[in-house]
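Remarks on the overall topology
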Amino acid sequence: ILILLARLIKRAVGIEGTYGRLEADNFVCCMPLGKIKENTKFNNIMVTGAKELERQYSLTIQSGIYLVRDRSLPISMMCDRAGTACRNIRDNMVKQFSYYNDEEAEKELEELMLIREMVKAVKGGQFHIVLQPIFDVKTEQAVSAEALVRWKHPEKGVISPGIFVPLFEKSGLISKLDMFVCEEACRVLAKLKKDGVPICPISVNISRVDFCEPDLVKRINEMTEKYGLDKKYIKIEVTESAYTQNPQEIIQQVIDFRSQGYEVLMDDFGSGYSSLNTLRELPANILKIDMK
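Residues numbered from 1 in each chain as written. Predicted model: local features only at pLDDT ≥ 70, side-chain atom pairs only at ≥ 80, totals over all residues. Heavy atoms only, no water.

Some thoughts on the overall build of the protein chain
- Within the protein chain, the regular secondary structure consists of ten helices and eleven strands.
- What you see for the protein chain is a C-alpha radius of gyration of 24 Å, clearly larger than the 19 Å of a compact globule of 292 residues, by over 25%.
- In terms of overall dimensions, the protein chain has a C-alpha envelope of 80 × 45 × 35 Å along the principal axes.
- The buried share among the 292 residues of the protein chain stands at 37%.
- Taking contacts inside the protein chain between residues at least 6 apart in sequence as the whole, the part at least 24 apart equals 58%.
- For the protein chain, the computed accessible surface area is about 18100 Å², with 54% contributed by carbon and sulfur atoms.
- Across the protein chain, 40 positive and 41 negative side-chain charges occur, with their mean positions spaced 4 Å apart. (Helix = DSSP H or I, 4+ residues; strand = E, 2+ residues; numbered from the N terminus. Rg over C-alpha atoms; globule rule 2.2 N^0.38 Å. Buried < 20%, exposed > 50% of the residue type's maximum accessible area, 1.4 Å probe, protein only. Contact = heavy atoms within 4.5 Å. Areas by Shrake-Rupley, 256 points an atom, 1.4 Å probe, with all protein chains shown as cover. Lys, Arg positive; Asp, Glu negative; His and termini not counted. Charge placed at Lys NZ, Arg CZ, Asp CG, Glu CD.)

Okay, structure coming up:
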């Protein structure tokens with residue numbers, strides 16, 4: 001595939017620019033602006049060739065474009081800016097290209113700074129959980145709770161999970177966060193139990209990344225044993241999107257969790273396009289209907 005893509009770019013650029021493989025599956029080329037517009041040789045060859053490769057190999061080809069306004073910039077920085085534009089559409093399967101702009105650059109810089117602070121933040125106690133109670137509508141009694149993670153930054157204040165959870169996933173640190181939340185839930189339950197307070201189950205969200213780890217059940221088991229908790233007091237949540245991406249792995253993990261005595265909840269149910277299949281195939285105990 002890399003060789004075919006290289007040949008396609010070579011044919012499209014010809015002698016009108018320069019091009020090469022930057023790293024892994026990333027290619028880069030530098031062209032005069034007028035040569036990449038619609039109905040040019042470059043555009044026609046790339047669009048047709050990319051569609052054929054995507055159809056034949058079930059892959060997606062996306063491009064980031066940096067318009068060179070400052071020729072004194074190092075080439076590596078120009079490539080980085082094009083890369084930033086490309087990363088911004090990584091999760092968008094419809095959009096094939098994106099232009100770099102300064103707002104996107106600022107956003108990425110801020111994200112990089114947060115990623116650098118994350119490990120220190122977990123160790124430094126900047127993260128904590130809050131418990132959202134779940135009520136039985138008939139008895140009006142709290143029957144369980146969900147552990148929600150919060151980040152209180154010493155300078156930036158409270159940072160939304162909508163910002164830091166995707167960053168943890170992107171940086172590969174999500175496992176640390178998942179295990180922190182699970183241990184905090186176990187610690188809270190153990191303390192309440194020790195103080196003689198009646199306890200109810202707490203559900204914890206496990207990311208789709210962690211749900212594919214073969215030793216996940218073992219790690220959760222070790223935590224419940226460490227705090228002397230019955231497994232019925234920890235519930236495991238997984239999103240429907242995780243199932244749609246790795247159905248067989250998720251099904252097996254759910255079976256393993258249930259065989260150990262945990263209840264499994266499917267979160268955001270109905271937000272995906274395979275909901276009816278999910279109902280038939282995934283042995284979850286509880287469905288949490290998506291707000292949509």
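Moving on, there is more to tell.
Things to note about the nonpolar core
- Core analysis: the biggest nonpolar cluster contains 49 residues, and F127, F168, V204, F211, I220, I236 and F257 have the highest contact counts within it.
- The element contributing the most residues to this core is helix α6 (residues 174–194), with nine residues.
- If we ignore the near neighbours within four places in the chain, the residues touching I236 are V204, I206, F211, I220, F257, Y262, E263, V264 and L265.
- In this structure, L5, L8, M31 and I61 belong to the second largest nonpolar core, which totals twelve residues. (Core = buried A, V, L, I, M, F, W, Y, C linked by side-chain atoms within 4.5 Å.)

What about the pattern of salt bridges?
- In this structure the tally under the stated criterion is twelve salt bridges.
- Residue E222 pairs with K218 through a salt bridge whose shortest N-O separation is 3.1 Å. With a gap of four residues between them, E222 and K218 both fall in helix α7 (residues 216–226), about one helical turn apart.
- Residue classification places K218 among the exposed positions, given a relative accessible area of 53%.
- Salt bridges here are not isolated pairs; linked through shared partners, they connect E146, E237 and K288. (Salt bridge = Lys/Arg side-chain N within 4 Å of Asp/Glu carboxyl O.)

Comments concerning the packing of aromatic side chains
- Tallied over the full model, the rule gives ten aromatic pairs.
- Centroid distance F97 to Y99: 6.1 Å. Interplanar angle 85°. Geometry classified as edge-to-face.
- For F97, a relative accessible area of 46% translates into the label partly exposed.
- We classify Y99 as partly exposed; its relative accessible area is 39%.
- With 6.5 Å between their ring centres and 65° between their planes, F127 and F180 make a pair best called edge-to-face. With F127 in strand β5 (residues 127–135) and F180 in helix α6, this residue pair connects regions lying 53 residues apart in the sequence. As far as the burial class goes, F127 and F180 line up, both buried.
- By way of ring pairs, the aromatic residues F127, W151, F164, F168 and F180 are connected into one cluster. (Phe/Tyr/Trp six-rings, centres within 6.5 Å; stacked < 30°, edge-to-face > 60°.)

Looking at the side chain of Q62
- Relative to the helices and strands, Q62 is located in the loop between α2 (41–57) and β3 (63–65).
- With relative accessibility at 19%, the residue Q62 sits in the buried group.
- Polar contacts involving the side chain of Q62 include one to the main-chain carbonyl oxygen of I89, which spans 3.0 Å. (Polar contact = N/O pair within 3.5 Å; in protein donor to acceptor, adjacent residues only side chain to side chain.)

Side note on the state of the cysteines
- What the rule picks out here adds up to zero disulfides.
- You can see C79 has no disulfide; the closest cysteine sulfur is in C30, sitting 8.5 Å from it.
- Cysteine C86 is unpaired, with the sulfur of C29 as its nearest cysteine sulfur at 12 Å. (Disulfide = S-S within 2.5 Å.)

Focus: the pairing of strand β6 (residues 142–153)
- Strand direction decides the pairing type here: β5 and β6, joined by nine bridges, are antiparallel. Bridged to I129 within β6 is V149.
- The hairpin turn running from β5 into β6, its antiparallel successor, is six residues long, and E140 in that turn takes a positive phi close to 60°.
- Strand direction decides the pairing type here: β6 and strand β8 (residues 202–205), joined by two bridges, are parallel. Bridge pairing links A145 to I202 in β8.
- Sheet topology places β6 next to strand β7 (residues 157–159); three bridges connect them, and they run antiparallel. Within β7, the residue paired with W151 across the bridge is I159.
- Adjacent in sequence and paired antiparallel, β6 and β7 are bridged by three residues. (Pairing = 2+ DSSP bridges.)

Structural notes on the pairing of β8
- Here four bridges tie β8 to strand β9 (residues 234–239), and the two strands are oriented parallel to one another. Residue N205 lies in a different strand from β9, and its bridge partner there is E237.

Interpretation in functional terms is not warranted from these geometric data alone.
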